[in-house]
Amino acid sequence: MPEGKIIKALSGFYYVLDGEEIYQCRGRGLFRKNKVTPLVGDYVVFEAENKTDGTVTEIKPRKNELIRPQISNVDQAILVFSAVEPDFSPALLDRFLVLIEDNEIEPIIVVTKLDLVTAENQKKLSQYIKDYQKLGYTVLETSSVTAGGIEELVPYLEGKTSVFAGQSGVGKSSLLNAINPELALKTDDISSHLGRGKHTTRHVELIHIGSGLVADTPGFSSLEFMEMEAERLSYCFPEMHKHGEDCKFRACLHDKEPKCAVKEAVDSGEIPRYRYEHYMQFLEEIRDRKPRY
């Protein structure tokens, strides 16, 4: 039986890519009975008499999956954050990074709208970029208007399945259009009333960009740490995981424990203080989370 990859899910249909052909399929009834939902990104076995009347019969094991947005087998996450309009938010970026790191997906940070940066906020933005680069993250600076930085981003997409993520209005669709104008993805300006972008992407779909596949998604509808345990959080902050090996207590949460190497690194400036503050904020959220039964 043929095999392929689901590149779009819409109105109960799954569009399966097999080579260069796309087959419109339904999921087999057994999936619903077993509460299994095929996801965009799934490698599947299917059968089809023609291109519009197929059935997905088996879902291959996933290496990872995201629930909001619903997508699986992601190689990397392109975390798109604008320099301004809306302003660059390290707190929101760290929240995204934790969720991506927890799913063992490679993050790449892309800062957009560099053409709108003023001399007044350039210094602060540059310091943030240096901080994240020092932590080992890839950070690219781009502008969809001037096309600056676009050529540097394209090689990262080759041969990989990437998900573009970020808050509304940061220019995800504009960035994809700058990479490939033929996509003509719909974009909207920032809503002046809400101070954020209007939602323009309605469903998850994998789009060909060169030899890679890129997901333009409706965005992360939930950024809460619903499944994460407190002990896991520091693993999603690479610098804290590294320094945490020198803590006095093996199960140190870097809060009120004595002889904490992480807090010492914060005090010495090795770890940016705002990163530690975000860590503590997330730790409190996890601690305050209501138990699920």
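Going by an unreviewed UniProt entry, the chain carries the name Small ribosomal subunit biogenesis GTPase RsgA and comes from Peribacillus castrilensis. Listed in UniProt under the heading Sequence similarities (unreviewed entry), the comment for the chain reads: "Belongs to the TRAFAC class YlqF/YawG GTPase family. RsgA subfamily." What UniProt states about the chain under its Subunit (unreviewed entry) heading is, verbatim, "Monomer. Associates with 30S ribosomal subunit, binds 16S rRNA."

Now for the side chain of Arg 95. Structurally, Arg 95 can be placed in helix 2 (residues 90-102). Taking relative accessible area as the criterion, Arg 95 reaches 13% and is therefore assigned buried. Those residues in contact with Arg 95 that sit more than four places away from it in its chain are Leu 223, Phe 225, Gln 281, Phe 282 and Glu 285.

One pass over the full model with this rule turns up 11 aromatic pairs. A centroid spacing of 6.2 Å and a plane angle of 65 degrees characterise the contact between Phe 81 and Phe 88, whose relative ring orientation is edge-to-face. As far as the burial class goes, Phe 81 and Phe 88 line up, both buried. With a centroid separation of 6.3 Å and an interplanar angle of 50 degrees, the aromatic rings of Tyr 132 and Tyr 137 are classed as tilted. The residues Tyr 132 and Tyr 137 share a single accessibility class, namely buried. One aromatic cluster in this structure is built from Phe 81, Phe 88, Phe 96, Tyr 128, Tyr 132, Tyr 137 and Tyr 274. Positioned over the ring face of Tyr 15 is Lys 8, at 4.7 Å from the centre of the ring. The ring of Phe 13 has Arg 26 sitting right over it, with the charged end atom 3.9 Å from the ring centre.

Looking now at the packing of helix 2 against helix 9 (residues 273-288). The geometry of helix 2 relative to helix 9 is characterised by a closest axis approach of 10 Å and an angle of 60 degrees between their N-to-C directions. With respect to each other, helix 2 and helix 9 are oriented oblique. Here the hand of the crossing between helix 2 and helix 9 comes out right-handed. Of the residues in helix 9, those touching helix 2 at Pro 90, Ala 91, Asp 94, Arg 95, Leu 97 and Val 98 are Tyr 274, Arg 275, His 278, Gln 281, Phe 282 and Glu 285.

Let us look at the nonpolar core. Counting 71 residues, the largest nonpolar core has Leu 79, Val 111, Tyr 132, Leu 233 and Tyr 279 as the members making the most contacts within it. Ignoring any residue separated from it by four or fewer positions in sequence, one finds Val 111 in contact with Phe 81, Ser 82, Ala 83, Phe 88, Leu 125, Ile 129, Val 139, Leu 140, Glu 141 and Thr 142. Within the second largest apolar cluster, 17 residues are counted, among which are Ile 108, Leu 153, Leu 175 and Ile 207.

In this sheet, strand 4 (residues 43-48) lies alongside strand 1 (residues 3-10) in antiparallel orientation, the contact comprising 3 bridges. Bridge assignment links Gly 4 to a residue of strand 4, and that residue is Val 44. Judged from the 5 bridges that link them, strand 4 and strand 5 (residues 54-59) form a sheet pairing that is antiparallel. Bridged to Glu 47 within strand 5 is Thr 55.

With that settled, the discussion passes to the pairing of strand 11 (residues 161-165). Counting buried positions over the 5 residues of strand 11 gives 5, a clear majority of the element. Along strand 11, one buried face is formed by Thr 161, Val 163 and Ala 165 and the opposite face, lined by Ser 162 and Phe 164, is buried too. Sheet analysis places strand 8 (residues 76-82) next to strand 11, joined by 4 bridges and oriented parallel. When the bridges of strand 11 are listed, Leu 79 appears paired with Ala 165.

Tallying each qualifying case throughout the model produces 13 salt bridges. Glu 21 is the salt-bridge partner of Lys 51, the closest N and O atoms lying 2.3 Å from each other. With Lys 51 in the loop between strand 4 and strand 5 and Glu 21 in strand 3 (residues 21-27), this residue pair connects regions lying 30 residues apart in the sequence. In this structure Lys 51 comes out as partly exposed when scored by relative accessible area, which is 43%. The shortest N-O distance in the salt bridge between Arg 275 and Asp 94 comes to 2.7 Å. In this pair, Arg 275 sits in helix 9 while Asp 94 sits in helix 2, placing the two residues 181 residues apart along the sequence. Where salt bridges share partners, they join Asp 42, Arg 62 and Glu 65 into one cluster.

The amide bond that connects Glu 85 to the next residue, Pro 86, takes the cis arrangement and shows omega of -5 degrees. Of note in this structure, Ser 11 is not a glycine but carries a positive phi near 55 degrees. When you line up the elements, Ser 11 lands in the loop between strand 1 and strand 2 (13-18). Ser 11 sits in the exposed class, given a relative accessible area of 65%. The backbone of Ala 147 sits at a positive phi, close to 70 degrees, despite the residue not being glycine. Looking at the secondary structure, you find Ala 147 in the loop between strand 10 (138-141) and helix 4 (150-157).

About the criteria used
Residues numbered from 1 in each chain as written. Predicted model: local features only at pLDDT ≥ 70, side-chain atom pairs only at ≥ 80, totals over all residues. Heavy atoms only, no water. UniProt positions renumbered as here; feature names shortened; annotations may be inferred. Helix = DSSP H or I, 4+ residues; strand = E, 2+ residues; numbered from the N terminus. Buried < 20%, exposed > 50% of the residue type's maximum accessible area, 1.4 Å probe, protein only. Contact = heavy atoms within 4.5 Å. Phe/Tyr/Trp six-rings, centres within 6.5 Å; stacked < 30°, edge-to-face > 60°. Lys NZ or Arg CZ within 6 Å of the ring centre and 35° of its normal. Axes fitted to C-alpha atoms, helices over the stretch in contact; angles between N-to-C directions. Parallel < 35°, antiparallel > 145°, perpendicular 65-115°, else oblique. Left-handed = near helix turned anticlockwise from the far one by under 90°. Core = buried A, V, L, I, M, F, W, Y, C linked by side-chain atoms within 4.5 Å. Pairing = 2+ DSSP bridges. Salt bridge = Lys/Arg side-chain N within 4 Å of Asp/Glu carboxyl O.

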